[in-house]
Amino acid sequence: MWFDGGTLRPEEVVVHSRPAAVNDPFKDLAVYKGRVLEIEAVRERVPHYDSKHQVSRLAAVNDILLPGTPVEVEILKRPPAKGLFRGVREDEDGAYVLLEVPGADGSTTLRAYRDALSIKTQGYKPGALMDGAIRLY
């Protein structure tokens, strides 16, 4: 993994996808019992998120953002970093944010960023939904 200072350091990194809790999506459709319903498609829209003033520890973002979410990381005294969220980890030097970033040759690199002040979804708009939707059905 490449750390933001440009040093390559071996770290054991395990990326997991987190199963999402699903409530019964058809609970409110009970009023249609005995009728035939045709549902063309079901898509999930995800609200934008900004961790600033929302979490006491940056690692709490792991329970909020799904792996692979496009994010922007605000870093102390440096320009923001953009990439796909791969989690927040901690070691003896403190917390660091893992981002999957595209390389110039089309490859992807896992980079680690320290001194992160906040993590927010790319294109953040308070109260708005992220662009695109996840097709569920």
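Only a predicted model underlies this, so the values are computations on that prediction, with no experimental measurement involved. All residue numbers refer to position in the chain's written sequence, counted from 1. Since the coordinates come from a predicted model, pLDDT governs what is reported: local features require at least 70, and pairs of side-chain atoms require 80 or more to be given and counted, while whole-chain, interface and lining totals use all residues. Side-chain measures here rest on the full set of heavy atoms in the structure, leaving out hydrogens and waters.

Caption draft 1: Up close: unusual backbone geometry. With a phi close to 60°, K77 is a non-glycine residue in the positive phi region. Here a helix means four or more residues in a row that DSSP labels H or I, a strand means two or more in a row labelled E, and each is numbered from the N terminus. Mapped onto the elements of the fold, K77 is located in the loop between β3 (70-75) and β4 (81-91). Three labels apply to residues, based on accessible area from a 1.4 Å probe with only protein chains included: buried if under 20% of the type maximum, exposed if over 50%, partly exposed otherwise in between. Overall, K77 belongs to the exposed group, its relative accessible area being 81%. Look at D115: it is not a glycine, yet its phi comes out positive at around 60°. Along the polypeptide, D115 turns up in the loop between β6 (108-113) and β7 (116-121).

Caption draft 2: The arrangement of the nonpolar core in detail. Each nonpolar core is a collection of buried residues, namely Ala, Val, Leu, Ile, Met, Phe, Trp, Tyr and Cys, held together in the definition by side-chain atoms within 4.5 Å. Ranked by size, the top nonpolar core spans 17 residues in total, and within it V73, F85, V97, L99 and I119 carry the most contacts. The set of elements that each furnish at least two residues to this core consists of β3, β4, β5 (94-102) and β7. Apart from residues no more than four positions distant in its own chain, V73 is found in contact with P80, A81, V97, L99, A116, S118 and I119. Two residues form a contact once any of their heavy atoms are found within 4.5 Å.

Caption draft 3: Structural view of a nonpolar patch on the surface. To count toward a patch, a residue needs a relative accessible area above 30% and no salt bridge. Like charges then connect within 9 Å, nonpolar side chains (Val, Leu, Ile, Met, Phe, Trp, Tyr) within 5 Å. Accessible surface is estimated by sampling points in the Shrake-Rupley manner with a 1.4 Å probe; for residues, cover comes only from the protein chains shown. Counted as salt bridges are all cases of a side-chain nitrogen of Lys or Arg within 4 Å of a carboxyl oxygen of Asp or Glu. Judged by side-chain polarity, V31, Y32, L37, I39, V42, I134, L136 and Y137 come together as a nonpolar surface patch covering roughly 750 Å² of accessible area. You can see Y137 is positioned in the segment after β8 (134-135). Given the relative accessible area of 59%, Y137 is considered exposed.

Purely geometric stuff here, so don't read any function into it on its own.
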